[in-house]
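# Observations on the three-dimensional arrangement
Next come the chains, spelled out residue by residue.
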Protein chains: 4
Amino acid sequence: MAASPRITVWNEYRHELQDAHIGAIYPEGIHGAIAAGLREQGLTVRTATLDEPEHGLTEAVLDETDVLTWWGHKSHAEVDDAIVERVKQRVLNGMGLVVLHSGHFSKIFTSLMGTTCNLKWREGGDKERLWVVAPGHPITEGIGEYIELAEEEMYGEQFDIPAPDTLVFVSWFTGGEVFRSGCCYARGQGKVFYFRPGHETLPTYHNKEIQRVIANGCRWAAPIPNSATRNFGNRKPLEPLPARG
Amino acid sequence: MAASPRITVWNEYRHELQDAHIGAIYPEGIHGAIAAGLREQGLTVRTATLDEPEHGLTEAVLDETDVLTWWGHKSHAEVDDAIVERVKQRVLNGMGLVVLHSGHFSKIFTSLMGTTCNLKWREGGDKERLWVVAPGHPITEGIGEYIELAEEEMYGEQFDIPAPDTLVFVSWFTGGEVFRSGCCYARGQGKVFYFRPGHETLPTYHNKEIQRVIANGCRWAAPIPNSATRNFGNRKPLEPLPARG
Amino acid sequence: MAASPRITVWNEYRHELQDAHIGAIYPEGIHGAIAAGLREQGLTVRTATLDEPEHGLTEAVLDETDVLTWWGHKSHAEVDDAIVERVKQRVLNGMGLVVLHSGHFSKIFTSLMGTTCNLKWREGGDKERLWVVAPGHPITEGIGEYIELAEEEMYGEQFDIPAPDTLVFVSWFTGGEVFRSGCCYARGQGKVFYFRPGHETLPTYHNKEIQRVIANGCRWAAPIPNSATRNFGNRKPLEPLPARG
Amino acid sequence: MAASPRITVWNEYRHELQDAHIGAIYPEGIHGAIAAGLREQGLTVRTATLDEPEHGLTEAVLDETDVLTWWGHKSHAEVDDAIVERVKQRVLNGMGLVVLHSGHFSKIFTSLMGTTCNLKWREGGDKERLWVVAPGHPITEGIGEYIELAEEEMYGEQFDIPAPDTLVFVSWFTGGEVFRSGCCYARGQGKVFYFRPGHETLPTYHNKEIQRVIANGCRWAAPIPNSATRNFGNRKPLEPLPARG
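Residues numbered from 1 in each chain as written. Chains lettered and ligands numbered in written order. Predicted model: local features only at pLDDT ≥ 70, side-chain atom pairs only at ≥ 80, totals over all residues.

## Digging into the overall build of chain A
The criterion, for reference: Strands here mean DSSP runs of E at least two residues long; helices mean DSSP runs of H or I at least four residues long; both are numbered from the N terminus. The globule rule used for comparison is 2.2 Å times the number of residues to the exponent 0.38, while the radius of gyration itself is calculated over C-alpha atoms. In this scheme the burial state of a residue depends on its C-beta neighbours within 10 Å: 20 or more other such atoms mean buried, 12 or fewer mean exposed, and anything in between means partly exposed; the C-beta positions come from the backbone. Any pair of residues counts as being in contact when their C-beta atoms, constructed from backbone geometry, are within 7 Å of one another.
Summing up its helical and strand segments, chain A has 7 helices and 12 strands in all. Its C-alpha radius of gyration of 19 Å places chain A within 12% of the 18 Å reference for a compact globule of 245 residues. Projected onto its principal axes, the C-alpha coordinates of chain A cover approximately 75 × 40 × 35 Å. Counting over 245 residues, chain A shows a buried share of 60%. In chain A, of all internal contacts separated by at least 6 residues, the share reaching a separation of at least 24 is 72%.

## Quick look at the sheet that holds strand β3 (residues 67-71) of chain C
Residue and element names in this part refer to chain C. As a reminder, the rule being used: In this analysis, strands are considered paired if DSSP registers two or more bridges between them. For every element, the axis is a line fit to its C-alpha atoms; helices are fit only across the contacting stretch, and the angle between N-to-C directions ranges from 0 to 180 degrees.
One open sheet holds the 9 strands; their spatial order is β2-β1-β3-β4-β11-β10-β9-β6-β7, and the pairing between them is mixed. Pairing within the sheet leaves two strands with one partner each, and these edge strands are β2 (44-49) and β7 (146-149). This sheet shows a mean twist of 15 degrees between the axes of neighbouring strands, independent of strand direction. Where strand β6 (residues 128-132) meets β7, 4 bridges bridge the pair, whose relative direction is antiparallel. If you follow R129 over to β7, its bridge partner there is E148. Each of β1 (6-11), β3, β4 (96-100), β7 and β11 (190-195) is contacted by helix α7 (residues 208-221), which is oriented at about 165 degrees to β11, the strand it contacts most.

## Description of the interface of chain B and chain A
Facing the 40 residues of chain B at the interface are 40 residues of chain A. Among the secondary structure elements, those contributing two or more residues to the side of chain B that touches chain A are α6 (107-113), β5 (120-122), β10 (178-187) and β12 (233-234) of chain B. Bridge count for strand β5 (residues 120-122) of chain A against β12(B) is 2 bridges, and the pairing is parallel. Directly across from W121(A), in β12(B), lies its bridge partner N234(B).

## Re the interface of chain B and chain C
Rules: Charged residues are taken to be Asp, Glu, Lys and Arg, nonpolar residues to be Ala, Val, Leu, Ile, Met, Phe, Trp, Tyr, Cys and Pro, and polar residues to be all remaining types, Gly included.
Across the contact, 27 residues belong to chain B and 27 residues belong to chain C. Its residues assigned to classes, the side of chain B that touches chain C shows 10 nonpolar, 11 polar and 6 charged.

## Observations concerning the environment of G114(D)
Within the element layout of this structure, G114(D) appears in the loop between α6 (107-113) and β5 (120-122). Sequence separation between G114(D) and D160(D) is 46 residues, and the spatial gap between their C-alpha atoms is 9.7 Å. Aside from chain neighbours lying at most four places away, what touches G114(D) is S111(C), L112(C), M113(C), G114(C), R187(C) and P162(D).

## Some words on the relation of the copies chain B and chain A
Stated precisely, the cut-off is as follows: A least-squares fit on C-alpha atoms brings the copies together, and the residues used are those whose pLDDT is at least 70 in both copies.
Of the transformation superimposing chain B on chain A, the axial component is 0.0 Å and the angular component is 180 degrees, with the fit at an RMSD of 0.0 Å. The symmetry that links the two subunits is that of a two-fold axis. Distance from the rotation axis, computed per C-alpha, reaches its smallest value in chain B at G114(B): 2.6 Å. Most of the interface of chain B is mirrored in chain A, where 100% of its interface residues again form contacts.

It is worth stressing that arrangement in space is one thing and function is another; only the former is reported here.
What follows is the structure, given as structure tokens:
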């Protein structure tokens, strides 16, 4: 994998500007907190947000992006379909994608999954404990048996996703629910990691273990250099075919 | 599963009307041949085609459909997006879907897979041998170690699909290629089976083993009665949450 | 699948005879309670126990067994290796296996899994809620979104098993743990279902939903009739090989 | 992952000493050829063989081994069960294992798989073409769409293994068979990669692409540093349980 994958941290960046409480938790935006955490982990990071031209995801930016992280919540519908399609083709051609929390309902994630990605949810009062169920997976590097978050929004099953290629974390919530919280997928030549925590009203992205998992996810999702260009279409035989009558 | 699942066999039904050679192979249409094979296997079958109103896939028809089979080729783009969405929601809510051959590029299949579903192909001169790699799977009932087709269109890897939940068949072709020919997926409460053979210029759907696999696929994909309605959205806790300060 | 699969319910049958409290919960033995539940579900059932000759698993009994269910706990080591090997070969050749609760440590399960199948556990005071994460799977037929058990022994991750082919249930426990509670595997031509609940000091096997899941598991694991005999070893080519110099 | 994983290349090392033809192809032994290839790829390599004390796999050697590669063929039965168990525990605790060709029948591989690992085979005259079906997987780094081997022993389906967690290569053979040739598994904290080619009478391990795949497999299978120690057994609750009456 690339020695230091180049990460673009994408954020809707509306809650922080419109709600003083959220703005106080994330004064540099959710993207700022995520980017700071990834930089501490040694990754090369830039950010992009919804209200930039082309949502900050120009071809030039994507040319220099190995892995894209995605946080969105209330404005999924405002993401331009053409940009979604652009990102999707990049993923299928090898760019990694790390989808965070409420990004489960983003156009890019639902389009790559083929399902609604719907779930149960509840704000307020739940503790979350994310249990590792795939020990030895690179995304768990440096993480103990579980990560505990004193408060998080609850997401509960049934989570309407395809069965993950690898299930890495399963969450426990105080209120009685469970959730598949860390899910790995291959799509085309690209890799997709969905990671559950990160509600905008809580300081989750300042948590060092959460930052570590996101960094691990970016490293895991980084493209493999020199892997084969995918060839499709009409092809000559590689072995002789019988003569036809 | 339902004692006798009700199958709707969908066909684009253009090649057979426009090309005399193909029409001679499938005088009742490809759908007619598939339907006849399924009826011999004891299934309850109706058909629907592209040029019927709503492509023959009205809500009333889908209300009486446990499993939909899909054959299309050159007119995928003419399938109305609203009908595709209607079918997709049915699948996610439990209706089975069996996608055949060139249906790999249909809107419904690519939408449920989230990838391009592209592949290599070649017409003329290849033998195909479909090897069972999941013995004991219900879709292999009554099938030996492999199915041999004297001539078929070649489809070759890389096949741009998500890794199947279960890989049932792998094909060998004379010209040197292999292909994942029988692929099972769960999507929402529904099940999807992709089965490769069935080029329009060849009598593949008159083959008894191919008919058997399609029938098995329909039985496997049939909805499970009395399974839970999926509930999403904001939920009260099932266990007491701590009082908040 | 067989119209009515023939089930053999195997039980260690020691706790019930040695501990009056347990004997009072299961006066006909744990096997008796499981068998009664399966008969109510319309299955054909016999039982077998550790202290019978050949543990009740003679070749003649296995000849008439489509699916074997397994409950053991404190006497795994007393199960004869030759009988374990006999059962294993049957599974690889198509017999279904449903492994219950503390059967996770049985010789037959660990041998088929290839891992230690170790886990965390705690007796006393936990509620268990088994959430369906694979809606539409035949093992969930007739089951709602979750099954709640007022008290059960806790089993917690990390559960040292291979990733299931299909994960059907995930459990929540009061004390803060989660567990992959319903796990499907294919092994050879056989199918294996591990289902977590069923501690000997609790009336779990009298619960109608638990009985339903075990019955569903037996139907799912039943062998497919007329599926191909597996052929191995030295084989002649199916296509001409080039002449050798 | 470790900057440079330390590899131990294990070989039965009998054919090369007993058969002049084979000895001429592998004058330094099959292990010598594999080790040379891995060193060219920048890995740290030692070797071990069957006839060394403890088969060369002492605790001290395994303490310094991140990944073990395994080639054996006619003397699987001579591998001491205690050494197999020692290696198995190492794998479950994180050591990588790369199993090559006829190693499919080794005690260590069959023990980790839980199946017979039987297959079809034929010597003489087949070309093999290994197609990549998981583009983007780290094991395919630097490999094109397929690897072609002018001659190899044929291995054909049905290959009696659990469905791989990830299927990376599928082979085509001249004589009409296919085979799942590159198979990834997680077992405990360890990773296992089975890679098919490598018959003793052919110079396969001198092939640069084959060497590359084995090196990639070793890097993929290397243990993750600082991952959680697995804890099992009786556990106190992490959350308060209700008082018991």
